[in-house]
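This is what each chain is made of:
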Amino acid sequence: MSAILNQAHKICTEHLLNAPASLNKHNKKWQLTFVTIYCSRTLFSLVNNHVSKEKIIKVSPTPPHVILTIPRENNSFKIDETALTDIVKEKKLEKLQQIGGVNGVASSLETSLDSGINGGAEDIAHRHEAFGSNTYKKPPSKSFFYFVVEAFKDLTILILLGCAALSLGFGIKENGLKDGWYDGGSIFVAVFLVIAVSAISNYRQNRQFDKLSKVSNNIQIDVIRGGRRQQISIFDIVVGDIVCLKIGDQVPADGLFLDGHSLQIDESSMTGESDHVEVNSTPNPFLISGTKVVDGYARMLVTSVGMNTTWGQMMSQLTGDNNEQTPLQVRLNKLTSAIGKVGLAVALLVLVVLLVRYFTGNTKDENGNTEFNGSSTKSNDIMNAVVGIVAAAVTIVVVAIPEGLPLAVTLTLAYSMKRMMADQAMVRQLSACETMGSATTICTDKTGTLTLNQMKVTKFWLGKETMDEVSSSVSSFIVNLIHRGVSLNTTGSVYRGSTGSGFEFSGSPTEKAILSWAVLEMKMDIEEMKRNFTILFVEAFNSQKKKSGVLIKKKEDNTVYVHWKGAAEMILAMCSSYYDASGVMKDLNEEERMEFKKIIQGMAASSLRCIAFAHKQVAETEEEDVKEKKKLEGENLTLLGIVGIKDPCRPGVKKAVEDCRYAGVNIKMITGDNVFTARAIATECGILRPDQDRESGAVVEGEEFRNYTPEERMEKVEKICVMARSSPFDKLLMVQCLKQKGHVVAVTGDGTNDAPALKEADIGLSMGIQGTEVAKGSSDIVILDDEFASVATVLKWGRCVYTNIQKFIQFQLTVNVAALVINFMAAISAGEVPLTAVQLLWVNLIMDTLGALALATEKPTEELMKKPPVGRTEPLITNIMWRNLLAQALYQIIVLLILQFSGESIFGVTEAVNDTLIFNTFVLCQVFNEFNARKLEKRNVFKGIHKNKLFLAIIGMTIVLQVVMVEFLKRFASTERLNWGQWGACIAMAAVSWPIGWIVKYIPIPERPIFSYLKWRKCT
């Protein structure tokens, strides 16, 4: 015990002696505090762990200004969280070297550089406690109260509230509290009801977008835990994890470069600098969260997560507001503005007419007395009358302005986004939902989209012979060379657990297929290869080069080799010799080169992807040349062999292609495979007919398309069905040409280099499984299962969104036209409006909110795929819609005006009951017309109605509420109770909407838009 105390005394004394002498009184106190804490902890540690003299830690002198960072009590790791975070954030290479470099950090974090962390539940929990989780604090979501306040900001609502307040005040003053509150109170209740429904709808839609945002941020990351490579959520990454990075990945946390090759990082999201940064062991091993991998591959050691990273701090400050307006919303806002101006003009005219009639003594009260008698009329009566007239005029404006249009778009987009998630499509940009409905051309990838992406090597050619039994019939020398070419030139990995368990292969589908073939059929031992060779330099694969190379040194004799792997015809072009099955090297003359080309073409015609391997021994000085030029030797190679990889077509892809074709959408396949493989797959999928070939212009290669003149490209682009051996630039060029021709283009992509084409397209569709984070970030919609059938489903949903909006526009404009004309004509002729402010607000609620909810949530039908796509310039309100809505509006106007002027004599009722009949008939007309709005062209409006339970529920709820309004809310709604006969008459008059809707659809209409010659068309 005394020895331990002496040792503690020595450490503390040493620390005090090393302290700077120039400390002032204040800093000496901090120095003493720090030393006391340190000495206490040292003594405690020595007593508990019996540390030997060899392990005494020398404490460095404290700086003049000391920041005391007290580590978490449960942090048993040998490194401080704050110091580690600071080293990576500030890129302090010297400090990193002082603590032993990357190896020292890994040791302190209890991470094995080969097998990663343990990965058990206890280990993960311990790391979470010590270093935090890879999540960041989000600003609180907008509350329900926020949307209530937003609803109150509507000018018409504020005017109505003002009128309600005045009416309430004058009513109570005139008639007392018991009877005087009804008029003003009724308007208040109606306005608050409209506000509540609007706020609830917007609040729910905002919550829906928040949920989708969480899903889109949940990126899958490759990590090594317990020696096994596996995929986990980005949110599950912990400090000490070893992460595998490849082209297109987002760096998921701050960390340090372990090993890898040609790693280029795009740090523009963090620094704003567009130049790519090279990351390596020295001088820059630092990887920052949120940056993107643009080239190469590597393994990184995670050092900071979540709020300890700059990216986490940035993300926590983003509000996540989505104020994006889609093109359809912009067009609807213009339409709303145009209709609002008409409504305002009508309301002003009604206001003027009613005020003139009142002040000229042409209006009478309930008892038949003239309301205005000059100076003898009380000021309170005048104010009451004026407020009533203003409220009626304002209410006309409320009804005239189709405020439900933006709500309908929001509802249908939110509903569609939710349903599309279930159909394996995640919407990132709202505008893509509606734009997809107008798509005229879809440019699709082959691998994984049209095919299953379940690759398997089915053919192996060595020399000019096909090898069925690889291990027994091939020279061991050749087998060894192929082992090197596969094991050392790959971004995949092989894992085998306990003895007797099977192998697990990870990497891209192509890499997994080749590794599986080499391990299981050629008996390759990947670990042995890595032990015997050192990788000097790597040229990583990307979709432009279509090949990858590696420079290796054999440890035994220091001989240096270059190995290449890639598209068979490209590797063949780099070769000047080949090996036959017995291992004899032969020259590759032109005649034999043609034979190899025929072999490749034959395999490609059988829908096989052809991958070739080649190698060459190079001089030892090559290592320095490569590091200087950053490019591998690629000439005079020796061909080792060619493998054919089969990737079957997806089962439902042919039908999906047929559906798109039937819907008037052209499908073009753009692939990096050679022309023979591309043609075989395209024919199998139904994209290409058997009689279409290169001569007809339906099949081209990327280079050929690239070399056309601009005029030739524009002439031929629409005929092209398949583009093989294409680069990302070729895909971009095709998209640009198609857009210039007036097409609405959707493009699928999965690679980093596809980003320009995805951004250029009207709708970018990235792949959720194979797609890189760069591709997903550039796209509008992520296809979660990578299937083309899901692309066809997105097309159907896009058309559904557009059609649902058109249905609602037809429904709402019918109400707008009818309400405006009836109120205007009644005001001009009779001096009063038949519908009160409360009644008009109730109609507004039915058509704005409930109508939007009923019509905006119709599911897509097969009929949608039988119509041609909607062009860019077609009006939102079509001739068909004008025909339907004008017929219904005209009928409603005629019926209601007859009731207005002759209803009392026809039914033998009082004026109050007649007004109730007008209100009831008007509302029921909208209920019946809501059924008509379900089908714009089809006569059978009831088809599939049993599937839309929400529609039926809303109709039922509207009818029940209407009965309550008429029968039980007499004072609130200014109504009188109706008998069974009167209800029957109202229903009969409203039901005529159905036969009218059926008959009117027989009327032929011109193709040219009715308002094509008017400037007002721009608003539609």
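A brief report on the enclosed structure follows. (Residues numbered from 1 in each chain as written. Predicted model: local features only at pLDDT ≥ 70, side-chain atom pairs only at ≥ 80, totals over all residues. Heavy atoms only, no water.)

1. Some points on the overall build of the protein
- Helix and strand content of the protein: 37 helices and 26 strands.
- Here the protein, with 1020 residues, has 53% of them falling under the buried criterion.
- In the protein, of all internal contacts separated by at least 6 residues, the share reaching a separation of at least 24 is 73%.
- Of the accessible surface of the protein, which amounts to about 46200 Å², a share of 56% is contributed by carbon and sulfur atoms. (Helix = DSSP H or I, 4+ residues; strand = E, 2+ residues; numbered from the N terminus. Buried < 20%, exposed > 50% of the residue type's maximum accessible area, 1.4 Å probe, protein only. Contact = heavy atoms within 4.5 Å. Areas by Shrake-Rupley, 256 points an atom, 1.4 Å probe, with all protein chains shown as cover.)

2. Description of helix α7 (residues 144-152)
- Listed as buried for α7 are Phe147, Val148 and Ala151. Down the axis of α7, the buried side of the element spans an arc of 105°, and every buried residue falls inside it. (Arc of directions from axis to C-beta.)

3. Brief notes about the pairing of strand β10 (residues 456-462)
- As paired strands, β10 and strand β20 (residues 637-646) are joined by five bridges and run antiparallel to one another. Across the sheet, residue Val457 finds its bridge partner in β20, namely Ile645.
- As defined by bridge partners, β10 adjoins strand β11 (residues 465-466) across two bridges and the pair is classed as antiparallel. Its bridge partner being in β11, Leu462 is matched across the sheet by Glu465. (Pairing = 2+ DSSP bridges.)

4. Structural notes on helix α18 (residues 509-520)
- Compared with an ideal rise of 1.5 Å per residue, which puts 12 residues at 16 Å, α18 spans 16 Å between its outermost C-alpha atoms and is within 8% of the ideal.
- Across the 12 residues that make up α18, a large majority, nine, are buried.
- For α18, the complete set of buried residues consists of Pro509, Thr510, Glu511, Ala513, Ile514, Leu515, Trp517, Ala518 and Val519. (Expected span 1.5 Å × (residues − 1).)

5. Remarks on the sheet that holds strand β21 (residues 666-670)
- The strand order across the open sheet built from eight strands is β8-β26-β25-β24-β9-β21-β23-β22, with neighbouring strands paired in mixed fashion. Since the sheet does not close on itself, it has two edges, and those belong to β8 (425-427) and β22 (699-701), each with one partner. On average, adjacent strands in this sheet sit at an angle of 20° to one another, irrespective of strand direction.
- Pairing analysis gives four bridges linking strand β24 (residues 745-749) to strand β25 (residues 763-767), with the strands arranged parallel. Considered in β25, the bridge of Ala746 is made with Ile763.
- Where helix α24 (residues 675-685) meets the sheet, it contacts β21, β22 and β23 (722-724), and its direction lies at approximately 150° from that of β23. (Axes fitted to C-alpha atoms, helices over the stretch in contact; angles between N-to-C directions.)

6. Considerations on unusual backbone geometry
- Within the chain, Asn636 stands out as a residue other than glycine whose phi angle is a positive 55°.
- For Asn636, the position within the fold is in the loop between α22 (622-629) and β20.
- Even without being a glycine, Asp786 presents a positive backbone phi close to 65°.
- Tracing the backbone through its elements, the reader meets Asp786 in the loop between β26 (781-783) and α30 (788-830).
- With relative accessibility at 2%, the residue Asp786 sits in the buried group.

7. A closer look at a positive patch on the surface
- Side chains of Arg204, Lys418, Arg419, Lys859, Lys947 and Lys949 sit close together on the surface and give a patch of like positive charge.
- Along the chain, Arg204 falls in helix α9 (residues 182-217).
- Residue Arg204 is classed as exposed on the basis of its relative accessible area, which comes to 61%. (Patch = residues over 30% accessible without salt bridge, like charges linked within 9 Å, V, L, I, M, F, W, Y side chains within 5 Å. Salt bridge = Lys/Arg side-chain N within 4 Å of Asp/Glu carboxyl O. Lys, Arg positive; Asp, Glu negative; His and termini not counted. Charge placed at Lys NZ, Arg CZ, Asp CG, Glu CD.)

8. What about the nonpolar core?
- Within the largest apolar cluster, 66 residues are counted, with the highest numbers of intra-cluster contacts made by Met436, Ile442, Ile687, Ile763, Ile781, Phe788 and Ile809.
- Here this core takes 12 residues from α30, the largest share from any one element.
- In this structure Met436 touches Ile442, Ala746, Ile763, Leu765, Val791, Val794, Leu795 and Gly798, once residues within four positions along its chain are discounted.
- One finds Leu835, Ile893, Leu917 and Trp983 within the second-largest nonpolar core, a separate group that totals 63 residues. (Core = buried A, V, L, I, M, F, W, Y, C linked by side-chain atoms within 4.5 Å.)

9. What about the pairing of β21?
- Counting buried positions along β21 gives four out of five residues, so the element sits mostly inside the fold.
- Judged from the four bridges that link them, strand β9 (residues 441-444) and β21 form a sheet pairing that is parallel. When the bridges of β21 are listed, Ile442 appears paired with Ile667.
- Pairing between β21 and β23: two bridges, direction parallel. Looking across to β23, one finds that Met669 is bridged to Val722.

10. Quick word on a nonpolar patch on the surface
- Taken together, Leu890, Ile894, Ile898, Ile906 and Phe907 make up a surface patch of nonpolar side chains, about 450 Å² in accessible area.
- Its place among the elements puts Phe907 in helix α32 (residues 879-907).

11. Overview of the environment of Leu258
- Among the structural elements, Leu258 can be located in strand β4 (residues 254-266).
- A relative accessible area of 15% places Leu258 in the buried class.
- Remark: the alpha-carbon pair of Leu258 and Val102, spanning 156 residues in sequence, is separated by 7.0 Å.

12. With respect to the packing of aromatic side chains
- Using the criterion set out here, one finds 15 aromatic pairs in the structure.
- Their ring planes at 40° and their centres at 5.1 Å tell us that Phe77 and Phe131 sit as a pair that is tilted. In this pair, Phe77 is assigned in the loop between α2 (25-49) and α3 (81-89) and Phe131 in helix α6 (residues 121-131), connecting sequence segments 54 residues apart.
- For Phe131, a relative accessible area of 2% translates into the label buried.
- Arranged with centres 6.2 Å apart and planes meeting at 75°, the rings of Phe705 and Tyr708 form a pair that is edge-to-face.
- On the basis of relative accessible area, Phe705 is assigned to the buried category, the value being 0%.
- Overall, the relative accessible area of 13% leaves Tyr708 in the buried class.
- Three or more aromatic residues joined by ring pairs form one cluster here, namely Phe928, Phe931, Phe942, Phe951 and Trp994.
- Sitting over the ring of Tyr1002, Arg939 keeps its end group 3.8 Å from the ring centre. (Phe/Tyr/Trp six-rings, centres within 6.5 Å; stacked < 30°, edge-to-face > 60°. Lys NZ or Arg CZ within 6 Å of the ring centre and 35° of its normal.)

13. Some remarks on a negative patch on the surface
- A cluster of acidic residues, Asp114, Asp525, Glu527 and Glu528, forms a negative patch on the protein surface.
- Positionally, Asp525 belongs in the loop between α18 and α19 (526-532).
- On the basis of relative accessibility, which here comes to 37%, the residue Asp525 falls in the partly exposed class.

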